[in-house]
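Commentary on secondary and tertiary structure
What follows is the residue order along each chain.
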Amino acid sequence: MEPGSRWWVGINANLASTGVGLVKAARLLKEPRLAALAQRQLDWILGVNPFDASTMTGVGRNQPRQFVTGEFKPVTPLIEGAVMNGIGGTPDDQPDLKPGSWQTCEYWTPMVCYTMWLMSELSAK
């Protein structure tokens, strides 16, 4: 997504869904290095990134401040295991994490679902 536009979000759904594909390809092709790449996708979400920040609440460290909106009463609480949109990028192709913003720090279902799926695939024998 182009970060200069009015609407963009972080890449956690992209990372996790790519990881799922990598795990499945690793099994099909019997290529363990693809599973290792999938693990790196999850590692990025959990904090092995330029900000040393996990974008899964309650897992890892340095979680950025969650996006809170006045649209919901009561506000969405911190949810253990929930996954934020994740790190995005600048127009100069630099990593961008905006604590408290919806673009990078709001909980979205695709980010949660794909991350859960990736963790399940990585833990399957």
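Quick summary incoming for the structure in this document. A quick note: this is a predicted structure, and the numbers were derived from the prediction, not measured.

1. Focus on the pattern of salt bridges
- Under the defined criterion, the tally for this structure stands at five salt bridges.
- Its salt-bridge partner being R61, residue D52 comes within 2.7 Å of it at the nearest N-O pair.
- A salt bridge links D96 to K98; the shortest N-O distance between them is 3.0 Å.
- Looking at K98, the relative accessible area reads 33%, which means it is partly exposed.
- Through salt bridges that share partners, K24, R27 and E121 make up one connected network.

2. Remarks on the environment of D93
- Turning to its location among the elements, D93 is positioned in the loop between β1 (88-89) and β2 (95-96).
- In this structure D93 comes out as exposed when scored by relative accessible area, which is 67%.
- Sequence separation of D93 and T109 is 16 residues, and the distance between their C-alpha atoms is 26 Å.

3. Quick notes on the nonpolar core
- Counting residues in each nonpolar core, the largest one holds 16 residues, and the members touching the most others are A38, I45, V83, M111 and L118.
- By size, the runner-up hydrophobic cluster in this structure holds seven residues, among which are A53, M84, I87 and Y107.

4. Section: the packing of helix α2 (residues 32-45) against helix α4 (residues 109-123)
- The N-to-C vectors of α2 and α4 enclose an angle of 140°; their axes lie 11 Å apart at closest approach. With respect to α4, the element α2 is oriented oblique. In the crossing of α2 with α4, the sense of the turn from one axis to the other is left-handed. Across the interface between the two elements, A35, A38, Q39, Q41, L42 and I45 of α2 pack against T115, L118, M119 and L122 of α4.
- Grouping the amino acids of the contact of α2 with α4 by side-chain chemistry returns seven nonpolar, three polar and no charged.

Scoring rules and cut-offs
Residues numbered from 1 in each chain as written. Predicted model: local features only at pLDDT ≥ 70, side-chain atom pairs only at ≥ 80, totals over all residues. Heavy atoms only, no water. Salt bridge = Lys/Arg side-chain N within 4 Å of Asp/Glu carboxyl O. Buried < 20%, exposed > 50% of the residue type's maximum accessible area, 1.4 Å probe, protein only. Helix = DSSP H or I, 4+ residues; strand = E, 2+ residues; numbered from the N terminus. Core = buried A, V, L, I, M, F, W, Y, C linked by side-chain atoms within 4.5 Å. Axes fitted to C-alpha atoms, helices over the stretch in contact; angles between N-to-C directions. Parallel < 35°, antiparallel > 145°, perpendicular 65-115°, else oblique. Left-handed = near helix turned anticlockwise from the far one by under 90°. Contact = heavy atoms within 4.5 Å. Nonpolar A, V, L, I, M, F, W, Y, C, P; charged D, E, K, R; others polar.

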